[in-house]
Amino acid sequence: DDKVEVTRAGIRYNNQFIRSDDVNGIKFGIGVFDVCCHIDFYTVAIRGRDGSEINIDFKKVLRSKEQARKDLVATVDALFYHLIPGFSTRLAKRILAGHDEPIGDCWITSKGVRGTIGALLWKGEVIVPWSELRYGTSNGHLAIRSTKTKNFTKNFEVRTVWNAGIFEETIKAITANRG
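Basis of the calculations
- Residues numbered from 1 in each chain as written.
- Predicted model: local features only at pLDDT ≥ 70, side-chain atom pairs only at ≥ 80, totals over all residues.
- Heavy atoms only, no water.
- Helix = DSSP H or I, 4+ residues; strand = E, 2+ residues; numbered from the N terminus.
- Rg over C-alpha atoms; globule rule 2.2 N^0.38 Å.
- Buried < 20%, exposed > 50% of the residue type's maximum accessible area, 1.4 Å probe, protein only.
- Contact = heavy atoms within 4.5 Å.
- Areas by Shrake-Rupley, 256 points an atom, 1.4 Å probe, with all protein chains shown as cover.
- Salt bridge = Lys/Arg side-chain N within 4 Å of Asp/Glu carboxyl O.
- Arc of directions from axis to C-beta.

Caption draft 1: Main features of the overall build of the chain. On a plain count of helices and strands, the chain comes out with two helices and 13 strands. Computed over the C-alpha atoms, the radius of gyration of the chain is 17 Å, within 12% of the 16 Å expected from 2.2 N^0.38 for a compact globule of 179 residues. With the principal axes as the frame, the chain shows a C-alpha extent of 50 × 45 × 25 Å. The buried share of the chain, reckoned over its 179 residues, is 40%. Of the contacts made within the chain by residues no fewer than 6 positions apart, 48% connect residues no fewer than 24 positions apart. Accessible surface, the chain: about 10400 Å² in total, of which carbon and sulfur atoms supply 51%.

If you want it as structure tokens, here you go:
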């Protein structure tokens, strides 16, 4: 049986361990693959600074969806309690120091979110300032849009895009650490 432990020190999954200070990526969520057969995914992934990864799939062959969901929720709750506050603060400080952080096909910068709009020959890059940025999560997706820049709307699945599930915490940490 798999063993998952989340503490202030870090996350342990069986024999793997990533210290909380070394975490540099988190993604989690529920997904469905339904092309030829129905497969559910209940996953958490943690990436370490050295490139190591812990990938946990709570939906094992003889395990119910209900149990997988319970275990996923308990693990994500523990991440939000023990690891995410410190990680989002470190991420925010890095961003404020001028190191842009990727989120899907965009970048979180000290001035806002940088991304592309348009397609093919009409493609351009914009920075949406924090004051014009709106975001929210629904059904496992993070939606980001601009109140002024037309056509700047981004949608990221929190289960597959690193740090999309902690976007709000990162933005709050940027606001709190902006001096």
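Caption draft 2: Broad picture of the pattern of salt bridges. In this structure the tally under the stated criterion is twelve salt bridges. A salt bridge links Arg159 to Glu157, with the nearest nitrogen and oxygen atoms 3.5 Å apart. Connected via shared salt-bridge partners are Arg19, Asp21, Asp22 and Arg49.

Caption draft 3: Broad picture of helix α2 (residues 167-177). Every buried residue of α2 is accounted for by Phe167, Thr170, Ile171, Ala173 and Ile174. The buried residues of α2 occupy one face: seen down the axis, they fall within an arc of 160°. Residues of α2 that are exposed and angled more than 90 degrees away from the buried face: Lys172, Thr175 and Ala176. Residues of α2 that are buried make contact with α1 (65-96), β7 (101-103), β8 (106-108), β9 (112-117), β11 (133-138) and β12 (141-146).

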